[in-house]
Amino acid sequence: MASVLELSSDRTEVAASPMLPRPFVIKKVRRETEDTFTVELDPREGRSRFEFLPGQFNMLYVYGVGEVPISISGDPAGSTLVHTTRAVGAVTKAMAELRRGDVIGIRGPFGTSWPVAEARNKDVVFVAGGIGLPPLRPALCEILSHRESYGKVVLLYGTRTPSDILFKDELEQWRARFDLEVFITVDRASAGWRGNVGVVTTLIQKAGFDSRNTLAMIVGPEVMMRFTTIEFIKRGVNPDSIYLSMERNMKCGIGLCGHCQFGPVFICKDGPVFRYPQIKDLMVKWEI
Amino acid sequence: METLERILAQHQFFKDLSPEYLTLVTGCASNVRFEQDQNIFRVGDEANQFYLIREGRIALQLFSPDRGHITVETLSEGDILGWSWLIPPYYYVFDAKVLDVTRAIALDGKCLRRKCEEDHNLGYELLKRFSSLLEHRLETTRLQLLDLYGVRS
Ligand SMILES: Cc1cc2nc3c(=O)[nH]c(=O)nc-3n(C[C@H](O)[C@H](O)[C@H](O)COP(=O)(O)OP(=O)(O)OC[C@H]3O[C@@H](n4cnc5c(N)ncnc54)[C@H](O)[C@@H]3O)c2cc1C
Ligand code: FES
C-alpha cells in the first residue's frame, strides 16, 4: 500500500483520485489528553476549503508508516481540516510525533454522514463514549449553528477518567449555553472529582427528551453503543431514529478491498454511520 | 401527606403499586433536605432508610487510606439511594456524600420491614422493584468494570 501511495508525485492527479493521498500541512497540533491530540491541516497546494459532511472520515497517511481511517472532528463551517486522534498503535503513535509544518497524506472524505437534516424539529441526543466525541463534534457544531431548527439538544459524554475528557474548553463553553444540555460522566474517578461517576447509559434517563420525537446519534465502543441503544428503545425512542457510527479496520476506504466488511455491509461505504435497524442483527454476532 | 403520596405514586419505582400499599408506604415516608458535603450515611451505619432523590446529586464513596475518598457512583434526580435496609444485617456499605444540595423522600426501612413481614404481598411488591433496581445497577457496574474505553490489547 505504502509504495503505491508514494508514487503520487503528480499533485493534480493526487487530488483527483480517491486512492491517492493529497498532501496536507499541519498548521496546529493541540494535545487534548495524554494520548489524544488534534491536528489542524491545510492543503499543501492551493487554499481550497475541505468540504465534508458531519460523520465522514478520511484516510490519513503518515508517510513511510501507514494509513488509518480517522473521522473528521472539525466544524463543517471551519476553514481548516481537523482530526482528533488517539495514539494506540504504529500509525497513530507515529502521527502523534508529527509537528507543525509536517505533511500528512489525506484521502477522503469517505462514508455516510449524520442525519442532521432528518433531525430538524426533533429533540437530538448525542451520546459519546471515549474517543467517540470527535466524530460527533461536526454534527453538534452544525446543529448549534442552526439551533432554532431543532428541539432540545443534549450531549451525554462518558470517558474512562476525568483526565481523559476531550475538548475541555469547548465543553465548558457548551455547558454555559442555555440551549444545550451537557452531561459528563466517568467510569473511574480519583479523589476530589465532583462530577458524575457511572456509565454513560445512566445519563439517558436524566436527559429529559421527548422520546416520541427524538433522534439519537451514538459513537463509542460497540458494547457501549449496544447498551445505549437498548436504553433508548426502552425509553420509547423509535429504533429508526437511532444512528450509530461503526469502526472496522480499513484499507481502501472506498468499498474495493473488503477489509472492513461487516456481514453484508462495508463500513467504509455503507457506513460508518448506520441507522440502527440496518446493523441490529450484526451487532450481536460477535464473530463478524 | 397527600402530596407525598402523589409524589410517590408518580415515581417510576412505585409505578402500578396498589393505592392501598401506596398509602401504607407513604406512612413510612418523609421529606428531607441535605446540604452540600453533608454525609447522609457512612459505611457501617445501621441501614434504616432509603431515599428517592427528587433534586440534587449524591456520591457513593469508599475511603481508601492511600487514595482518599473514591466515588464509585453518583446518583441524582429520579434515582433510589440505599438498599441495605432490605438485606440483613442492615448496615450501609458505602458513604453517601452530598455533592449538590439534595431534596429527597426518606423511607423508613424499619417501618417498611415490619409491614413487609406482616404482609408478604407488600414484601413481594417491594422486592420485585428492588430486584429490578439491583439488576440495573449490577449491569451498569459490570459495564463500568469492563474498562470499555481502554486500548484494546
Ligand atoms: C470510520 C472510522 C473512524 C475512526 N475515527 C477515529 C477518530 O476520529 N479518532 C481515533 O483516534 N480513531 C479513530 N478510528 C480508529 C483508528 O482508525 C484506529 O485507532 C487506528 O486505525 C489504529 O491504527 P494504529 O496503526 O495506530 O494501531 P494498530 O497497530 O492497528 O493497533 C494498535 C493497538 O490499538 C488497538 N486499537 C486499534 N484500533 C483501536 C480503537 N479504535 N480503539 C481502541 N484500541 C484500538 C489494537 O487492538 C492494538 O492493540 C476510526 C476508525 C474508523 C474505522
Ligand atoms: S476498506 Fe476496503 S472495502 Fe472498506
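Residues numbered from 1 in each chain as written. Chains lettered and ligands numbered in written order. Predicted model: local features only at pLDDT ≥ 70, side-chain atom pairs only at ≥ 80, totals over all residues. Heavy atoms only, no water.

Asks: Before we go on, may I ask you to explain the sheet that holds strand β2 (residues 36–43) of chain A in this structure?
Replies: Note on sheets: strands pair through backbone hydrogen bonds, and any given pair is parallel or antiparallel. Residues and elements named next belong to chain A. Pairing is antiparallel across the open sheet formed by six strands, whose spatial order is β4-β3-β6-β1-β2-β5. With partners counted over all chains shown, the strands left at the sheet margins are β4 (66–71) and β5 (81–86), one partner each. Going across the sheet, the axis of each strand differs from the next one's by a mean of 40°, ignoring polarity. Across six bridges, the pairing between strand β3 (residues 57–62) and β4 is antiparallel. The residue of β4 that forms the bridge with L60 is V68. (Pairing = 2+ DSSP bridges. Helix = DSSP H or I, 4+ residues; strand = E, 2+ residues; numbered from the N terminus. Axes fitted to C-alpha atoms, helices over the stretch in contact; angles between N-to-C directions.)

Asks: Please explain the sheet that holds strand β10 (residues 196–197) of chain A as it appears in this structure.
Replies: Residue and element names in this part refer to chain A. With mixed pairing, seven strands are arranged side by side in an open sheet as β10-β9-β8-β7-β11-β12-β15. Each edge of the sheet is formed by a strand with only one pairing partner; in this case those strands are β10 and β15 (273–275). Here six bridges tie strand β7 (residues 123–129) to strand β11 (residues 214–219), and the two strands are oriented parallel to one another. Within β11, the position partnered with V125 by the bridge is A216. In the packing of helix α4 (residues 133–145) onto the sheet, the strands contacted are β7, β8 (153–159) and β11, and the crossing angle to β7 comes to about 160°. (Contact = heavy atoms within 4.5 Å.)

Asks: Explain the packing of helix α2 (residues 19–26) of chain B against helix α4 (residues 120–145) of chain B to me, please; I cannot follow it from the model alone.
Replies: Helix packing for two helices is described by the angle between their axes and how far apart those axes are. All names here are of chain B. With their axes 11 Å apart at the nearest point, α2 and α4 run at an angle of 80° to one another. With respect to α4, the axis of α2 lies roughly perpendicular. Between α2, through Y21, L24 and V25, and α4, the contact on the second element is made entirely by N121, L122 and E125. Grouping the amino acids of the contact of α2 with α4 by side-chain chemistry returns four nonpolar, one polar and one charged. (Parallel < 35°, antiparallel > 145°, perpendicular 65-115°, else oblique. Nonpolar A, V, L, I, M, F, W, Y, C, P; charged D, E, K, R; others polar.)

Asks: Which parts of the structure should I look at to understand the domain arrangement of chain A?
Replies: Interface size is commonly expressed as the accessible surface area that is lost when the partners come together. Residues and elements named next belong to chain A. Per the domain assignment, the segments making up chain A are domain 1 (4–110) and domain 2 (123–284). Listed by partner, the interface residues are 24 residues for domain 1 and 22 residues for domain 2. For the pair domain 1 and domain 2, the summed buried surface comes to about 1,700 Å²; carbon and sulfur atoms form 66% of the total. For the pair domain 1 and domain 2, the number of links is zero salt bridges. Summed over the shared surface of domain 1 and domain 2, the result is four residue pairs in polar contact (both at pLDDT 80 or more). Among the elements of the structure, β2, β3, β4, β5 and β6 (103–110) are those that each provide at least two residues to the side of domain 1 that touches domain 2. Within the side of domain 1 that touches domain 2, the residues separate by chemical class into 10 nonpolar, nine polar and five charged. (Domains from an automatic or database assignment. Buried area = accessible area lost by both parts, 1.4 Å probe. Salt bridge = Lys/Arg side-chain N within 4 Å of Asp/Glu carboxyl O. Polar contact = N/O pair within 3.5 Å; in protein donor to acceptor, adjacent residues only side chain to side chain.)

Asks: What exactly am I supposed to notice about the state of the cysteines here?
Replies: All names here are of chain B. Applying the stated criterion across every chain yields a total of one disulfide over all chains. The disulfide partner of C28 is C111, and the gap between their sulfur atoms is 2.0 Å. In this structure the cystine formed by C28 and C111 twists about its S-S bond by roughly -55°; its chirality is therefore left-handed. Here C28 is found in the loop between α2 and β1 (29–34), whereas its partner C111 is found in helix α3 (residues 109–118), with 83 residues between them in sequence. By relative accessible area, which is 10% here, C111 ends up buried. (Disulfide = S-S within 2.5 Å. Buried < 20%, exposed > 50% of the residue type's maximum accessible area, 1.4 Å probe, protein only.)

Asks: Explain the interface of chain A and chain B to me, please; I cannot follow it from the model alone.
Replies: Taken together, the contact pairs 29 residues of chain A with 29 residues of chain B. Of the roughly 2,400 Å² buried between chain A and chain B on both sides combined, carbon and sulfur atoms contribute 49%. Listing elements by their share of the side of chain A that touches chain B, those giving two or more residues are β8, β10 and α6 (222–234) of chain A. Looking at the side of chain A that touches chain B, its residues break down into 11 nonpolar, 10 polar and eight charged.

Asks: Would you explain unusual backbone geometry in this entry?
Replies: A negative phi holds for most residues other than glycine; trans holds for most peptide bonds. Between G108 of chain A and the following residue, P109 of chain A, the backbone shows a cis peptide bond with an omega angle of 5°. By the element assignment, P109 of chain A lies in strand β6. Omega for the peptide link from G271 of chain A to P272 of chain A comes to 15°, which places this bond in the cis form. Its place among the elements puts P272 of chain A in the loop between α7 (267–270) and β15. For D37 of chain B, which is not glycine, the phi dihedral falls at a positive 75°. Mapped onto the elements, D37 of chain B comes out in the loop between β1 and β2 (39–41).

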